Amino acid sequence: MTDMATRTAIDTKKPTADIIRDSLKRRYAAERRFRFYGLLAVCTALTFLAVMLGNIVYKGHSAFVQTNIALEIYLDESVIDPQGHRDPKALVGADYGGLIKASLRKAFPDVRKRRDKKALYKLVSGGAAFELYQIVLANPSLIGQTVTLPLTASSDIDTFNKGGIDISLPESERRVKDKEIRWLETLRTTGAVSLDFNTRFFTAGDSRDPEQAGVLGATIGSALTLIITLSLSFPLGVMAAIYLEEFAPKNRWTDIIEVNINNLAAVPSIVFGLLGLAVFLNFFGLPRSAPLVGGLVLALMTLPTIIIASRAALKSVPPSIREAALGVGASRLQSVIDHVVPLAMPAMLTGTIIGMARALGESAPLLMIGMVAFIVDVPHGPTDPATVLPVQVYLWADSPERAFVERTSAAIMILLGFLICMNLAAQILRQKFERRW
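Heads up: these notes are all about the structure in this document. Source: prediction; values computed, not measured. (Residues numbered from 1 in each chain as written. Predicted model: local features only at pLDDT ≥ 70, side-chain atom pairs only at ≥ 80, totals over all residues. Heavy atoms only, no water.)

### What to know about the overall build of the protein
In terms of regular secondary structure, the protein is built from 19 helices and three strands. Against the globule reference of 22 Å for 437 residues, the protein gives a C-alpha radius of gyration of 32 Å, more extended than a compact globule. Counting only C-alpha atoms, the protein reaches 105 × 70 × 40 Å along its principal axes. Within the protein, the proportion of its 437 residues that are buried is 40%. Contacts in the protein between residues at least 24 apart in sequence constitute 75% of all its contacts with a sequence separation of at least 6. (Helix = DSSP H or I, 4+ residues; strand = E, 2+ residues; numbered from the N terminus. Rg over C-alpha atoms; globule rule 2.2 N^0.38 Å. Buried < 20%, exposed > 50% of the residue type's maximum accessible area, 1.4 Å probe, protein only. Contact = heavy atoms within 4.5 Å.)

Encoded structure:
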């Protein structure tokens, strides 16, 4: 560099020190520009992430509260239990919807036209009759009394109460008409309308009615699927990694196996769904839309990731650990199992949790095995029909009802919460158990 600067100084008749100083200024300026571009890229990415998360939270936070309407309902014994035996089989067949309609007619006696009555009945949810049945079943002593009970409002009324409907629009362009708004305001003046925490969203399964829909079924389905995935992929992946890294001979066949494992990690997830459809459903005849099949498919998809991460963890263990174990008389198997694997286990667990987080967010392979079905009941076992959170988000996003928009965003928030917790657990495990040499 000095010879070059000297030649440049001779050619330009400029002092060498000035030329070197100018060169350093250009280099430092280029470094500052590079640092600025890097900082700008990070800030841009964080801005996009903040906008995305802010949009999801803005659209989904209202799903965690629900509009309820308190009605005075006469639990007529002649309608609910005419025999007076309080038999649960007799209680289930009562006309609870008729009792709710009678309560609404009593609250608004001036509503006489048939069309207006239908609109009046739509103030409360279509599932309010089942809610009333559950209340009576839990406390049969209420039969024959007039009680004030909070019932879930319909999705349109709930959206309007949360400010999701612009009342400045013409009535023909609104789902909530002026008369319904007047009825709701009348109930509001009596204190019958309330906005409460939506426990149903966490305790109920899917429903055609947005106000009755919940994520419990999808959450349990995801949990069962991930349990099966983890119980299969983790031991198989770790054992395969130990064999390939520590015991397998380095020859042509092991090279082919390693190449195939790396290729499988990059295969689109829907291919594993096609494999599950062809093998697990059509060949073995396993139940469709079950966490058992979903776990098997996701285990196949996650297995290459766990093998690669586990092999990298084994490679990170210093050779001196193996040599020291062999030097004190341990066999090769003992040195690997008792010394190498415990030191590599934190990184193995980290890679496994990251792979499981990816499996939690997958929907394409599960769509291929039928987990896109509309499932109302909450699953109780790995062979029961179920869906998972990503597929539930897909189903709600495809629904035409406007109230499902907030449910979709709320389900995304729950799914992101699971992913954040899993990645946080991976980071904690690494920091707690990792050893540095």
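### Remarks on the sheet that holds strand E1 (residues 65-74)
The pairing of strands in a sheet comes from backbone hydrogen bonds and takes either a parallel or an antiparallel form. Within the open sheet, the three strands sit side by side as E2-E1-E3. Their pairing is antiparallel. The open sheet is flanked by strand E2 (146-152) and strand E3 (193-197), the only strands paired with a single partner. This sheet shows a mean twist of 40 degrees between the axes of neighbouring strands, independent of strand direction. As paired elements, E1 and E3 share five bridges and run antiparallel to each other. Across the sheet, residue Asn 68 finds its bridge partner in E3, namely Ser 194. Each of E1 and E2 touches helix H7 (residues 128-138); the most contacted strand, E2, lies at about 135 degrees to it. (Pairing = 2+ DSSP bridges. Axes fitted to C-alpha atoms, helices over the stretch in contact; angles between N-to-C directions.)

### Some thoughts on the packing of helix H15 (residues 319-327) against helix H16 (residues 332-360)
Between H15 and H16, the least distance of the axes is 9 Å, while the angle of their chain directions is 140 degrees. In terms of axis orientation, H15 runs oblique to H16. Remark: the crossing between H15 and H16 carries right-handed chirality. From H15, Ile 321, Arg 322, Ala 325 and Leu 326 reach across to H16, where they touch Arg 332, Ser 335, His 339, Val 340 and Leu 343. In terms of residue class, the contact of H15 with H16 is built from five nonpolar, two polar and two charged. (Parallel < 35°, antiparallel > 145°, perpendicular 65-115°, else oblique. Left-handed = near helix turned anticlockwise from the far one by under 90°. Nonpolar A, V, L, I, M, F, W, Y, C, P; charged D, E, K, R; others polar.)

### Section: the environment of Ile 167
Examined against the element boundaries, Ile 167 turns out to sit in the loop between helix H8 (155-161) and helix H9 (178-189). Sequence spacing of Ile 167 and Asp 178 is eleven residues, and the spatial spacing of their C-alpha atoms is 8.7 Å. If sequence neighbours within four positions are ignored, Ile 167 has contacts with Phe 160, Arg 174 and Ile 181.

### Describing the packing of helix H11 (residues 216-247) against H16
Axis separation between H11 and H16 bottoms out at 9 Å; the angle between their running directions is 140 degrees. Between H11 and H16, the crossing angle belongs to the class labelled oblique. In this structure, H11 crosses over H16, and the sense of that crossing is right-handed. The residues of H16 that touch H11, namely those facing Ser 222, Leu 226, Thr 229, Leu 230, Ser 233, Phe 234, Val 238, Ile 242, Glu 246 and Phe 247, are Arg 332, Leu 333, Val 336, Val 340, Val 341, Met 345, Met 348, Leu 349, Thr 352, Met 356, Ala 359 and Leu 360. Residue composition of the contact of H11 with H16, grouped by class: 16 nonpolar, four polar and two charged.

### Quick word on the pattern of salt bridges
What the rule picks out here adds up to 14 salt bridges. Notably, a salt bridge pairs Arg 200 with Glu 131, separated by 3.3 Å at the nearest N-O pair. Of this pair, Arg 200 sits in helix H10 (residues 200-203) while Glu 131 sits in helix H7; the two residues are 69 residues apart in sequence, bridging distant segments of the chain. Through salt bridges with shared partners, a single ionic network connects Asp 158, Lys 162, Glu 406 and Arg 407. (Salt bridge = Lys/Arg side-chain N within 4 Å of Asp/Glu carboxyl O.)

### Details of the pairing of E1
Examined bridge by bridge, E1 and E2 share seven bridges and lie antiparallel to one another. Each bridged residue has a counterpart across the sheet, and for Leu 71 the counterpart in E2 is Leu 149.

The analysis is restricted to geometry; functional conclusions fall outside its scope.
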